[in-house]
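# What the coordinates show
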Amino acid sequence: MSLLSIRGLKVEFAVPGGTIKALDGIDLDLAPGQTLAIVGESGSGKSALAQSIMRILPANGRIVAGGISLEVGQGRRRDLVRLNEKGAALRRLRGARMAMIFQEPMTSLSPVHTIGSQIAEMLSLHGLNGGDAAHSVHTILSKMGISDPERVASSYAFELSGGQRQRAMIAMALICKPALLIADEPTTALDVTTQAEILALLKDLQREFNLAILLITHDLGVVAQIADEVQVLYEGRTMERGPAQDILDDPRHPYTKALIGAIPVIGRRSTRLHALRETKGSLPPALHSRANHAPPRGAPILTLENVSKRFALRHGTPAHESAAINGVTLALRTGECLGIVGESGSGKSTLARLMLRALEPDQGRILFHRDGGAMPLSAMDRHAIRAFRASIQLVFQDPYGSLDPRMTVRDTLTEPLDIHGIATRPERIERARHLMRAVGLDERALGRYPLAFSGGQRQRIGIARALALSPEILVLDEPVSALDVSVQAQILNLLRDLKDASNLTFVFVSHNLAVIDYLADRVAVMCRGRIVELAPAEALFKDARHPYTKALLAAIPSLDKASRIDFSALRGGNASDPAAWEAPFTLLGDDQGRLVEVDQDHFTAYGTS
Amino acid sequence: MISYIIRRLIGAVPTLLIITAVAFFMMRAAPGGPFDGERRVPPEIEANLRAAYDLDKPLWQQFIDVRPGLCAMRFGELTGSRPDADTLAAQGLKGRELRLPPSRPGGPSQTSSFLELRDEKNLVVRCLGGYLGKVLQGDFGPSFKNKDFTVNELIAAGAPVSLTLGLSAITVALFIGMSLGIVAALNQNRSGDYSIMTAAMVGITIPTFVTAPLLTLFLGVYAGLLPVGGWEGGRLENIILPITVLALPQIAIISRLTRGSMIEVMRSNYVRTARAKGLSEFTVVTRHALRSALLPLVSYLGPAIAGLVTGSLVVEQIFQLPGIGRYFINGALNRDYTLVMGVVILYATLVILLNLLADVIYRLLDPKVRYE
């Protein structure tokens, strides 16, 4: 007998000018102790489904048809759709019989209450505060793998790391021992090693509490690791459902096939990603009309020599890692795509900003090579900086925040040319048309504002803007991490075409190893402001030498259920602690380490003490 | 927290000094003087008047005077003899004991116009004279226009009236404005919301010099329910109308602010979490939403209270209330230098203290700010 059984569920959202069908006849069954993964792109209705079950749809959402039957104990069932959204009967079930955890633990926890008081509130709310509430809170927190529950309980959400926050969130959801846990993208906002730990925790808890988990995700790797069954949603309808491994191995529905084909997988870089809605750009042959001053292919174009950057810690802040760069030496080669990978706080974005001269290094120097000479960025005069800025361009992570909403696309694309005084006005507009075609957008849309474009299209505009000056180096800071899988595939394919068609040098910053593998020729793995491993992509993914790289690779949930995440490689949460790496990798204190060539062009950092 | 408050208070000292100096010199830069408006007096009498109020000295000396031996000179002027500093010290006289004769019979004796700097033997070695010297001793000097009254006396009489009005009005406005704002937010884009926000818009746009006579007309004259003016020791009947008039625009602003931040917070992820926990809507609003929603309000309240306490000029004038606002206007128009200076310094101090209070409350409400 199933715990949760949904039949014919239809949900609509009222929007200006009509309604949107978020769910259009969903059937679903979930048995105790089972994990059902709901998979789909954004807009597929998967979050609406989760919120419908909890009956916490936003004010403009409405269940128009169908039933949600939940077993509420001793075999009795209630139809949640028939209960009053604000009534006591439903409130008794929320939190006690069914609980939910959310994608962003930072914003989903109250900013003004301590973690402990938020968890204890569940106990008093559902009449379970018979014993010592503080003790119960500490017990459940330590069960979540938190080593110092007292401190965490008395902390506020912003004082904790992402992993701790999500653990606290799970503790809050599980303290009343619900039968159903709805997890809405529970690991999407987390680093890959933290994600692996949270997934392991959920598995353990499920076994212990005989918990039914409804997992909402777009990450098929996560599905493979913990789901028993999968249901694929597209535009509010079920496309395919069945045992997880069957669907991943042998998808029947074309949409499922397409979705799986859109996801970059490590070791499959030769297979072109299958974007669900492919839009092909036609790269104009004359993208590089500017005289090229870049060094010959393969020769260094930008070199970093022992570069360090420190940020002052805020006064009185509890031990926060400063995202500093600690003695990085690196040569960017003309025409290559260098992937920089690391977890949040590893310093990868700081490194990118140093390369752009958006930040000045505290120590060391950065040299820019052109016309056979090399010039330190710090020694450039205004004229040289101008030329340098035209040679190195940036694509931002957030396609929504990085385009001026009050400028038309034409203005956005011609402004860089205008600033650098390149070409006449008609030529600039002609160039803008070329750029639009190059990134696969309709040139007739030049007069529109960013508002008229989707996230993926905006990111194309961002790339077009960066290309406007025909730079020699393109720095991409997490260019696809804010995008949906299929849009991500489009952008990755576009970048790959660009790379193949031009002599551009790419610096590609990402936390996603699979994305890096799809594009990068060489990969630099960063941890705590240091490059710990630097190798050609293939060598790195096949033959990683550094313990941190190994941990990162082990933490990636693979599509193949048989290859479970190797938790021993995660080193119990110590993977990113340089002092805990075994010799010769151990880095104590501020030790910058030194890169040693362990194989051809393959470097790892050894401790120097 | 305590060290934060102390740091802020220390930081306020230079601010106040600068405000005092700027106000002093701007006041003097304005054309005209305190005795211009009176009927013509013979030049020698005007010269005497100016000398009596120190107006004959160079401007900077009127503001601050640190000439050595000043105490002795001044002491000599008062007593008729002219002892030097050593003699003064030998007599064991301290600056504070240099009392000027009362300005009117039975009035308080005025303190000396010096702040003494003493050496290690507690002897006066240098005096700080001029306006600043007096103010540092808490003496705002005699009023130029309200003869026989010191500015301190005028402020002491007027400040309680203005404070009572301002604080009562903001309390009323907070209570009503917050409630209306929350109701509007919870009924967003429904009739309750629209009617409250329309009323609020009207409340913001109609100035107090319109609402005050209208309310007086209807409630005071036609209905005869309330007195139309006067203070009468702050009787409840007398202050209802002025407080209402003062509170109305504040209610409007506070309700709009509360509504805005409340709507934003009610859409936030942690309110969704609170609902998912099974909390009742009442608890969701009061315990989880309100505290964060109040933060923008707190930042508004500091300046708002200061504005209300000090900005009730119009209301005080219309209802004939003896608050300080009246003195401020009259003083400015008549070039009553000391009175205006006294009120300016009082206002500045109030604004600084109330902003500090708002920041302290903000820190108590938002744990994140405590670390910054």
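Calculation rules
- Residues numbered from 1 in each chain as written.
- Chains lettered and ligands numbered in written order.
- Predicted model: local features only at pLDDT ≥ 70, side-chain atom pairs only at ≥ 80, totals over all residues.
- Heavy atoms only, no water.
- Domains from an automatic or database assignment.
- Contact = heavy atoms within 4.5 Å.
- Buried area = accessible area lost by both parts, 1.4 Å probe.
- Helix = DSSP H or I, 4+ residues; strand = E, 2+ residues; numbered from the N terminus.
- Nonpolar A, V, L, I, M, F, W, Y, C, P; charged D, E, K, R; others polar.
- Pairing = 2+ DSSP bridges.
- Axes fitted to C-alpha atoms, helices over the stretch in contact; angles between N-to-C directions.
- Salt bridge = Lys/Arg side-chain N within 4 Å of Asp/Glu carboxyl O.
- Polar contact = N/O pair within 3.5 Å; in protein donor to acceptor, adjacent residues only side chain to side chain.
- Expected span 1.5 Å × (residues − 1).
- Bend = angle between axes of the 7 residues up to and from the residue.
- Core = buried A, V, L, I, M, F, W, Y, C linked by side-chain atoms within 4.5 Å.
- Buried < 20%, exposed > 50% of the residue type's maximum accessible area, 1.4 Å probe, protein only.

Quoted interface sizes are often the accessible area lost when the parts come together. All names here are of chain A. What the domain assignment lists for chain A is domain 1 (1-97 + 178-262), domain 2 (106-177) and domain 3 (285-606). With 27 residues of domain 1 at the contact, the number on the domain 3 side is 21 residues. For the pair domain 1 and domain 3, the summed buried surface comes to about 2,000 Å²; carbon and sulfur atoms form 56% of the total. Counting the surface domain 1 buries against domain 3, the share from its top three residues, Asp191, Val192 and Gln225, is 29%. For the side of domain 1 that touches domain 3, the secondary-structure elements that each account for two or more residues are helix H8 (192-209), helix H9 (220-226), helix H10 (244-249) and helix H11 (254-261). Tallying contributions element by element places H8 first for the side of domain 1 that touches domain 3, with nine residues. The residue inventory of the side of domain 1 that touches domain 3, partitioned by class, reads 14 nonpolar, eight polar and five charged.

All right, on to the sheet that holds strand S10 (residues 237-243) of chain A then. All names here are of chain A. One open sheet accounts for six strands, arranged S6-S7-S8-S3-S9-S10; its pairing is mixed. Lying at the two open borders of the sheet, with one neighbouring strand each, are strand S6 (98-101) and S10. Averaged over all neighbouring strand pairs, the angle between strand axes comes to 15 degrees, with direction disregarded. Most of the contacts of helix H7 (residues 162-174) go to S6, to which it runs at about 170 degrees, and overall it touches S6 and strand S7 (180-184).

A word on the interface of chain A and chain B. If you look at the interface, chain A gives 32 residues, while chain B gives 23 residues. Approximately 2,400 Å² of surface area, both sides summed, lies buried where chain A meets chain B, with 59% of it carried by carbon and sulfur atoms. Counting the contacts that link chain A with chain B gives two salt bridges. A salt bridge links B:Lys277 to A:Glu121, with the shortest nitrogen-to-oxygen separation between them at 2.7 Å. Counting the contacts that link chain A with chain B gives 11 residue pairs in polar contact (both at pLDDT 80 or more). Looking at the side of chain A that touches chain B, the elements that each hand over two or more residues are helix H1 (46-54), helix H3 (105-108), helix H4 (115-125) and H7 of chain A.

Under the 1.5 Å per step criterion, the end-to-end length of helix H7 (residues 151-186) of chain B is 50 Å for 36 residues, consistent within 8% with the ideal 52 Å. Of all the bends in H7(B), the greatest reaches close to 30 degrees and is centred on B:Gly158; the proline B:Pro160 follows between one and four positions later.

Once that is clear, we can look at the nonpolar core. One finds A:Ile53 and A:Leu180 to be the most contacted residues of the largest nonpolar core, which totals 158 residues. Broken down by element, the residue count for this core peaks at eight residues, all from helix H17 (residues 485-501) of chain A. Among the nonpolar cores identified, the runner-up in size contains 48 residues, and B:Ala173, B:Ile182, B:Leu279 and B:Ile305 belong to it.

Moving on to the sheet that holds strand S12 (residues 325-333) of chain A. Residue and element names in this part refer to chain A. Across the sheet, which stays open at both edges, the four strands sit in the order S12-S11-S14-S15 with antiparallel pairing between neighbours. The sheet is open, and its two borders are formed by S12 and strand S15 (373-376), each paired with just one other strand. Between one strand and the next, the sheet's axes are offset by a mean angle of 15 degrees, whatever the strand orientation. Relative to the sheet, helix H13 (residues 382-391) contacts strand S11 (300-309), strand S14 (363-370) and S15, its axis offset from that of S14 by approximately 75 degrees.

A few words on the pairing of strand S22 (residues 602-606) of chain A. Successive side chains on a regular strand alternate, one facing one side of the sheet and the next facing the other. All names here are of chain A. Two elements, strand S20 (residues 530-536) and S22, share two bridges in a ladder whose sense is antiparallel. Bridge assignment links Leu534 to a residue of S22, and that residue is Phe603. Relative to S22, strand S21 (residues 594-599) runs antiparallel, the two being bridged by five bridges. Each residue of the ladder has a partner; that of Leu595, found in S22, is Ala605. Here S21 folds back onto S22 in antiparallel fashion, the turn holding two residues, of which Asp601 has a positive phi close to 60 degrees.

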